[in-house]
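Coordinate analysis (summary)
Below are the chains, spelled out letter by letter.
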Amino acid sequence: MRYLAGLIMVLILTGCGDKAQETHYNGAALLEKKCGICHNLKMPPDTYEDEKAPPMMAVVFHLKDFMKIKDNEDKAKKFIPFIQDYTLEPSREKSYCDEASLDAYGLMPSQKGNVTEDELKAIAEYIFTFYDQEKYLKEMQEKAAFYALPKGEQLVRKSGCLNCHDIQKAKVGPSFAMIANKGAEEIIDVIQNGSQGKWEGFHNMLMPAFKNKFTQDELRILQEWIHTLGTKDKASP
Ligand code: HEC
Ligand code: HEC
């Protein structure tokens with residue numbers, strides 16, 4: 001209990017602290033407005049020819065790496081001051097950019113008059129958290145894992161089928177492995193038109209119709225994928 005009370009206090013205190021800083025400045029909006037004209041802000045960035053500036057993701061990953069930023073203390077002592085200083089007084093000497101990139105992009109024009117130190121603090125706080133290498137890697141891995149799945153499973157995951165169906169186990173509806181012994185036409189018909197009361201033990205739950213959700217090709221891909229689960233099931237002991 002004591003621990004919980006302490007935790008709540010900490011949450012309240014940090015909550016207030018953050019609020020006081022952020023009510024005036026919205027780092028994301030400022031970044032968009034003040035830096036987005038030259039820096040591509042997406043993660044991962046769009047790539048196009050004749051970029052005016054390196055993508056912000058690249059800038060932040062690069063700076064964290066070269067400045068050896070590890071924790072919030074480094075952020076406060078090194079990262080934020082660098083962003084403030086560089087943006088207002090850029091120079092080749094201060095830049096962590098390599099010579100070739102500096103030549104290609106040209107030095108960043110000073111943003112003095114366009115952005116204040118306090119606004120830069122909010123921007124720096126925001127980009128520090130938003131462009132997070134671990135989060136990015138995890139997203140990329142998840143994406144790669146998704147696209148490595150069979151096309152049918154991708155469709156099922158994208159379309160919310162897994163809210164009601166598990167691949168192997170009964171859930172709100174029968175598992176796809178259980179459905180695998182149904183005929184192709186029936187499977188396609190049910191996906192398009194829905195079904196209710198056919199399966200026992202599922203409380204008469206409704207399978208909604210996905211009438212115009214899928215193309216004929218996609219329906220075929222779904223049906224064929226469901227059928228592959230049957231073969232696998234039977235092969236296993
Ligand atoms: C007019 C275009 C332009 C605008 C606006 C702009 N930048 Fe840049 N920025 C550049 C260019 C070009 C470079 C690459 C050359 C360099 O490092 O100076 C760069 C590089 C940087 C770097 C990298 C420095 C390094 O050592 O690698 C940081 C940090 C940076 N910008 C922050 C900002 C922030 C924050 C804003 C918004 C407040 C902003 N920039 C707005 C053009 C711009
Ligand atoms: C809201 C829950 C729900 C969602 C979402 C859902 N289903 Fe169903 N599904 C069910 C239920 C419940 C049944 C059993 C219906 C019955 O008993 O007639 C079922 C049955 C089926 C059947 C069985 C066909 C048969 O002839 O027995 C197939 C195929 C099927 N679903 C595919 C899908 C696909 C593909 C998706 C996603 C596009 C999906 N379902 C989304 C609940 C759902």
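Numbers given to residues run from 1 along each chain, matching the order in which its sequence is written. By the order in which they are written, chains take letters starting at A while ligands take numbers starting at 1. Per-residue local features of the predicted model are confined to residues with pLDDT of at least 70, and side-chain atom pairs are confined, for both listing and counting, to 80 or more; whole-chain, interface and lining totals are unaffected and use all residues. The side-chain figures draw on all heavy atoms in the structure; neither hydrogens nor water molecules are used.

1. Quick notes on the overall build of the protein chain
This is how it is decided: Under the DSSP-based scheme used, a helix requires at least four consecutive residues in state H or I and a strand at least two consecutive residues in state E, with every element numbered from the N terminus. To sort residues, take the accessible area from a 1.4 Å probe on protein chains only and compare it with the maximum for the residue type: under 20% means buried, over 50% means exposed, and anything in between is partly exposed. Contact criterion: two residues are considered in contact whenever any of their non-hydrogen atoms come within 4.5 Å of each other. In short, Shrake-Rupley with a 1.4 Å probe defines the accessible areas, and a residue's cover is counted only from the protein chains shown.
A tally of helices and strands in the protein chain yields eleven helices and two strands. Each helix and strand of the protein chain, ordered N terminal to C terminal, gives the series α-α-α-α-α-α-α-α-α-α-β-β-α. When burial is assessed residue by residue, the protein chain has 34% of its 237 residues classed as buried. Residue pairs at least 24 apart in sequence account for 53% of intrachain contacts in the protein chain once pairs closer than 6 positions are excluded. Counting only carbon and sulfur atoms, one obtains 57% of the accessible surface of the protein chain, whose full area is about 15500 Å².

2. What about the coordination of the iron atom of ligand 1?
The line we're drawing: Coordination shells were defined by N, O and S atoms within 2.8 Å of each metal, extended to 3.2 Å for Na, K and Ca; water is absent from the atom set, which can make sites look incomplete. A site with four donors is called tetrahedral when every donor-metal-donor angle falls between 85 and 135 degrees; four donors are called square planar, and six octahedral, when opposite donors sit more than 155 degrees apart and all other angles fall between 65 and 115; any other arrangement is irregular.
In this structure, His39 (NE2) and Met108 (SD) serve as the protein donors to the iron atom of ligand 1, at separations of 2.0 to 2.1 Å. Around the iron atom of ligand 1 sit six donor atoms; with metal-centred angles ranging over 83 to 179 degrees, the donor geometry is octahedral. With His39 in the loop between α2 (27-35) and α3 (56-66) and Met108 in the loop between α5 (99-105) and α6 (117-130), this pair connects stretches of sequence that are 69 residues apart.

3. Regarding the site of ligand 2
Put simply, the test is: For each residue, the test is whether any non-hydrogen atom lies within 4 Å of the molecule or strand; if one does, the residue is near. A 3.5 Å cut-off defines polar contacts: any pair of N or O atoms within that distance qualifies, except that in protein one atom must be a possible hydrogen donor and the other a possible acceptor, and neighbouring residues in sequence count only when both atoms are side-chain atoms. By the convention adopted, Pro, Cys, Tyr, Trp, Phe, Met, Ile, Leu, Val and Ala count as nonpolar, Lys, Arg, Asp and Glu as charged, and the other residues, Gly among them, as polar.
Neighbouring residues of ligand 2: 25 residues in total, closest Cys161, Cys164, His165, Ser195 and Met207. Lys198 has a polar side-chain atom sitting 2.9 Å from an oxygen atom of ligand 2. Trp199 places a side-chain nitrogen or oxygen 2.6 Å from an oxygen atom of ligand 2. Mapped by element, the contributors of at least two residues to the shell around ligand 2 are α9 (176-179), α10 (184-193), β1 (195-196) and β2 (206-207). It is α10 that provides the largest number of residues to the shell around ligand 2, a total of four residues. Residue composition of the shell around ligand 2, by class: 16 nonpolar, six polar and three charged.

4. Re the coordination of the iron atom of ligand 2
The protein atoms donating to the iron atom of ligand 2 are His165 (NE2) and Met207 (SD), with metal-donor distances spanning 2.0 Å. Between the six donor atoms coordinating the iron atom of ligand 2, the angles at the centre fall across 85 to 179 degrees, so the site counts as octahedral. With a gap of 42 residues between them, His165 in the loop between α8 (151-158) and α9 and Met207 in strand β2 connect regions that are remote in the sequence. Taking the relative accessible area as the measure of exposure, His165 reaches 10% and is therefore buried. Under the relative-accessibility criterion, Met207 is labelled buried at 19%.

5. Here we look at the nonpolar core
For soluble globular proteins, the rule of thumb is that nonpolar side chains tend to be buried together. Test applied: Nonpolar cores are built from buried Ala, Val, Leu, Ile, Met, Phe, Trp, Tyr and Cys residues. Side-chain atoms within 4.5 Å join them into one set.
Membership of the largest hydrophobic core comes to 27 residues, with the highest contact counts inside it found for Leu31, Met56, Phe79, Ile83, Ile123, Ile127 and Tyr131. Only α2, α3, α4 (72-88) and α6 provide two or more residues apiece to this core. Filtering out sequence-adjacent residues up to four positions away, Met56 remains in contact with Leu31, Cys35, His39, Asn40, Leu41, Ile127 and Tyr131. Residues Val156, Ile187, Phe214 and Leu229 belong to the second largest nonpolar core, which totals 17 residues.

6. Describing the pattern of salt bridges
Test applied: By convention in these notes, a salt bridge is any Lys or Arg side-chain nitrogen within 4 Å of a carboxyl oxygen on Asp or Glu.
Going through the model one piece at a time under the given rule, you end up with 14 salt bridges. The salt bridge partner of Arg220 is Glu185, with a shortest N-O separation of 4.0 Å. Of this pair, Arg220 sits in helix α11 (residues 216-235) while Glu185 is found in helix α10, placing the two residues 35 residues apart along the sequence. Its relative accessible area of 35% is what places Arg220 among the partly exposed residues. A network of salt bridges, in which partner residues are shared, links Lys75, Lys121 and Glu125.

7. What to know about helix α7 (residues 133-148)
Spelled out, the test is: One less than the number of residues in a helix, times 1.5 Å, gives the span that helix is expected to have.
When the terminal C-alpha atoms of α7 are compared, their 22 Å separation across 16 residues agrees well with the 22 Å that a helix rising 1.5 Å per residue should span. Near the N-terminus of α7, the side chain that reaches the backbone nitrogen of Glu134, with its oxygen 3.1 Å away, is that of Asp132.

8. Here we look at the site of ligand 1
Neighbouring ligand 1 are 25 residues; Cys35, Cys38, His39, Tyr86 and Met108 lie closest to it. At 2.5 Å, a side-chain N or O of Tyr86 approaches an oxygen atom of ligand 1. Breaking the shell around ligand 1 down by element, the ones donating at least two residues are α2, α3, α4 and α5. With four residues, α4 is the largest single contributor of residues to the shell around ligand 1. Residues that form the shell around ligand 1 fall into these classes: 18 nonpolar, five polar and two charged.

9. With respect to the confidence of the model for the protein chain
Heads up, the condition is: Scored from 0 to 100, pLDDT reflects the predictor's confidence in each residue.
Looking at the protein chain as a whole, the pLDDT averages 90, with 87% of positions reaching at least 70. Low confidence marks residues 233-237, where pLDDT is under 50. Its contacts with residues over four positions away, or in another chain, come to two contacts.

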